[in-house]
Amino acid sequence: MSSIVIIYTDGACRGNPGPGGWGVILDYKGIIKELYGAEKHTTNNRMELMAAIQALELLTKACSVQLNSDSSYVLKGITDWMPNWKKRGWKTAAKTPVKNEDLWRRLDASIARHKIEWKWVKGHSGDIGNDRADALANLGIDTL
């Protein structure tokens, strides 16, 4: 693994549930790639997860990554909750099915080959990368 890939991800939803979008910025050695997408009926949490999944699935080889997200849901899920969900067969501490299990499993598979530093950034606070990822997520919704 060589240089670090800097990633910013964000999800957005108009209504929760409602139309939603996700946005991603990848920066590798100053080369920027932006992408976005949308779903007609989804939730904000699903779009936050989808942004991280899309970013990591785009990487064609093992990378060192700094993934920046304003989603406490995604970051806590990865760093705190997921190991126990997996031990319990994708059940919560209350023995109920994990919400968005399909996307959590997909994210889990997409992180396996990378060395990732998960970094929380405050949303809507002037962080250029986060603000642009948010704009891309909303652009995704606008394409519906």
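Residues numbered from 1 in each chain as written. Predicted model: local features only at pLDDT ≥ 70, side-chain atom pairs only at ≥ 80, totals over all residues. Heavy atoms only, no water.

**Student:** Mind laying out the overall build of the protein chain, listing which residues take part and the relevant values?
**Tutor:** A tally of regular secondary structure across the protein chain gives four helices and five strands. Ordered by position in the sequence, the α and β elements of the protein chain form the string β-β-β-α-β-α-α-β-α. For 144 residues, the compact-globule formula gives about 15 Å, and the C-alpha radius of gyration of the protein chain, at 15 Å, lands near that figure. Seen through its C-alpha atoms, the protein chain measures out along the principal axes to roughly 45 × 40 × 25 Å. Looking at the protein chain as a whole, 45% of its 144 residues qualify as buried. (Helix = DSSP H or I, 4+ residues; strand = E, 2+ residues; numbered from the N terminus. Rg over C-alpha atoms; globule rule 2.2 N^0.38 Å. Buried < 20%, exposed > 50% of the residue type's maximum accessible area, 1.4 Å probe, protein only.)

**Student:** Give a detailed account of the nonpolar core, specifying residues and quantitative values.
**Tutor:** Membership of the largest hydrophobic core comes to 32 residues, with the highest contact counts inside it found for Ile 7, Leu 56, Val 65, Trp 104, Leu 107 and Trp 118. Examining the composition of this core, we find that eight residues originate from one element, helix 1 (residues 44–58), more than from any other. Not counting the four nearest positions on each side in its chain, Leu 56 is found in contact with Ile 7, Val 65, Leu 67, Leu 107, Ser 110, Ile 111, His 114, Ile 116 and Trp 118. (Core = buried A, V, L, I, M, F, W, Y, C linked by side-chain atoms within 4.5 Å. Contact = heavy atoms within 4.5 Å.)

**Student:** For the packing of aromatic side chains, give the residues involved together with the corresponding values.
**Tutor:** Within this structure, the stated rule accounts for five aromatic pairs. Each ring, one from Trp 81 and one from Trp 85, has its centre 5.9 Å from the other, and the planes form 40°; the classification is tilted. Pair noted here: Trp 81 and Trp 85 are both in helix 2 (residues 72–87), with a separation of four residues, about one helical turn. By relative accessible area, which is 32% here, Trp 81 ends up partly exposed. Each residue in the set Tyr 73, Trp 81, Trp 85, Trp 90 and Trp 104 is aromatic and connected to the rest through ring pairs, giving one cluster. (Phe/Tyr/Trp six-rings, centres within 6.5 Å; stacked < 30°, edge-to-face > 60°.)

**Student:** Talk me through unusual backbone geometry; I want residue IDs and the actual numbers.
**Tutor:** A cis geometry characterises the amide bond from Asn 16 onward to Pro 17, with omega recorded as 15°. Relative to the assigned elements, Pro 17 resides in the loop between strand 1 (4–13) and strand 2 (18–28). Of note in this structure, Lys 29 is not a glycine but carries a positive phi near 55°. Within the element layout of this structure, Lys 29 appears in the loop between strand 2 and strand 3 (31–42).

**Student:** Please provide a residue-by-residue account of the sheet that holds strand 3, values included.
**Tutor:** Across the sheet, five strands lie side by side as 3-2-1-4-5; this open sheet has mixed pairing. Each having just a single partner strand, strand 3 and strand 5 (115–120) make up the two edges of the open sheet. Recorded for the sheet is a direction-independent mean angle of 20° between the axes of neighbouring strands. The sheet contact formed by strand 4 (residues 64–69) and strand 5 spans six bridges and is parallel. Bridging across to strand 5, Leu 67 finds its partner in Trp 118. (Pairing = 2+ DSSP bridges. Axes fitted to C-alpha atoms, helices over the stretch in contact; angles between N-to-C directions.)

**Student:** So what about the side chain of Ser 71? Which residues, and what values?
**Tutor:** Of note, Ser 71 is situated in the loop between strand 4 and helix 2. Given a relative accessible area of 5%, Ser 71 falls into the buried group. A distance of 3.0 Å separates a polar side-chain atom of Ser 71 from the backbone nitrogen of Val 74. Apart from the residues within four sequence positions on either side, Ser 71 is in contact with Glu 48 and Trp 120. (Polar contact = N/O pair within 3.5 Å; in protein donor to acceptor, adjacent residues only side chain to side chain.)

**Student:** Give a detailed account of the environment of Asp 134, specifying residues and quantitative values.
**Tutor:** Tracing the backbone shows Asp 134 in helix 4 (residues 128–142). Since its relative accessible area comes to 17%, Asp 134 is described here as buried. Once residues within four sequence positions are removed from consideration, Asp 134 is found in contact with Asp 10 and His 124.

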